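What follows is the residue order along each chain.
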Amino acid sequence: MNRIFTLFLVFIYIMACNTVKSDGNNPQNLKRVWMLVQFSSFDKDYLTKKQAYLDLTQEQNASSKMGCNQMSFPYQVKKETEIHFSDGMATKMYCDDMKLETEFSQAITTVKSYSIDGHKLTLKTENGSTMSFVAQDWD
């Protein structure tokens, strides 16, 4: 009986050692709604108040809202960390404060790469600036 118990413990140990670390930059991990938490000179409280988000749940068609208009634009993941957003379209409502929306819509088309670390997404533009997001479903 002692031998069976020892074999069982060895089996559990081997299984625990063989767990595969998930690849954060797997394109499947992008398919979430991401809340914008860091971008340009905007602070996190402002971005939270605007409920700024980027929705990547639809393959090759992203949508976002930066507090005013709904925006939609095509995107393409080319390699493990390479992503490109194209010019899109937006509703045309007038809002008093459209600075975030204007800056975001200009910056998103210059994004060249992404990285995912747990529940955080970082988009990096061609000039090296970044946008940081947190998964909407993260508690």
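Below is a short write-up of the structure. Small disclaimer: the values here were computed from a predicted structure and weren't measured. (Residues numbered from 1 in each chain as written. Predicted model: local features only at pLDDT ≥ 70, side-chain atom pairs only at ≥ 80, totals over all residues. Heavy atoms only, no water.)

## Focus on the overall build of the protein
Phase 1: Along the backbone of the protein there are three helices and nine strands.
Phase 2: Reading the protein from its N end, one meets helices and strands in the order α-β-α-β-β-β-β-β-α-β-β-β.
Phase 3: Carbon and sulfur atoms make up 53% of the accessible area of the protein, which amounts to about 9200 Å² in all. (Helix = DSSP H or I, 4+ residues; strand = E, 2+ residues; numbered from the N terminus. Areas by Shrake-Rupley, 256 points an atom, 1.4 Å probe, with all protein chains shown as cover.)

## Regarding the nonpolar core
Phase 1: Within the largest apolar cluster, 28 residues are counted, with the highest numbers of intra-cluster contacts made by Leu 36, Phe 85, Phe 104, Leu 123 and Met 131.
Phase 2: Taken together, the elements giving at least two residues each to this core come down to strand E1 (33-39), strand E4 (70-77), strand E5 (83-85), helix H3 (99-108), strand E7 (111-117), strand E8 (120-125) and strand E9 (130-135). (Core = buried A, V, L, I, M, F, W, Y, C linked by side-chain atoms within 4.5 Å. Buried < 20%, exposed > 50% of the residue type's maximum accessible area, 1.4 Å probe, protein only.)

## Section: the environment of Leu 123
Phase 1: Secondary-structure assignment places Leu 123 in strand E8.
Phase 2: Owing to a relative accessible area of 0%, Leu 123 belongs among the buried residues under this scheme.
Phase 3: Expressed as a C-alpha distance, the spacing of Leu 123 and Ser 113, which sit ten residues apart in the sequence, is 5.9 Å.

## A look at the pattern of salt bridges
Phase 1: Enumeration over the complete set of coordinates arrives at five salt bridges.
Phase 2: Across the pair Glu 126 and Lys 112 runs a salt bridge whose closest N-O atoms are separated by 3.7 Å. Of the two residues, Glu 126 sits in the loop between E8 and E9 while Lys 112 sits in strand E7, which places them 14 residues apart along the sequence.
Phase 3: Classification of Lys 112 as partly exposed rests on a relative accessible area of 31%. (Salt bridge = Lys/Arg side-chain N within 4 Å of Asp/Glu carboxyl O.)

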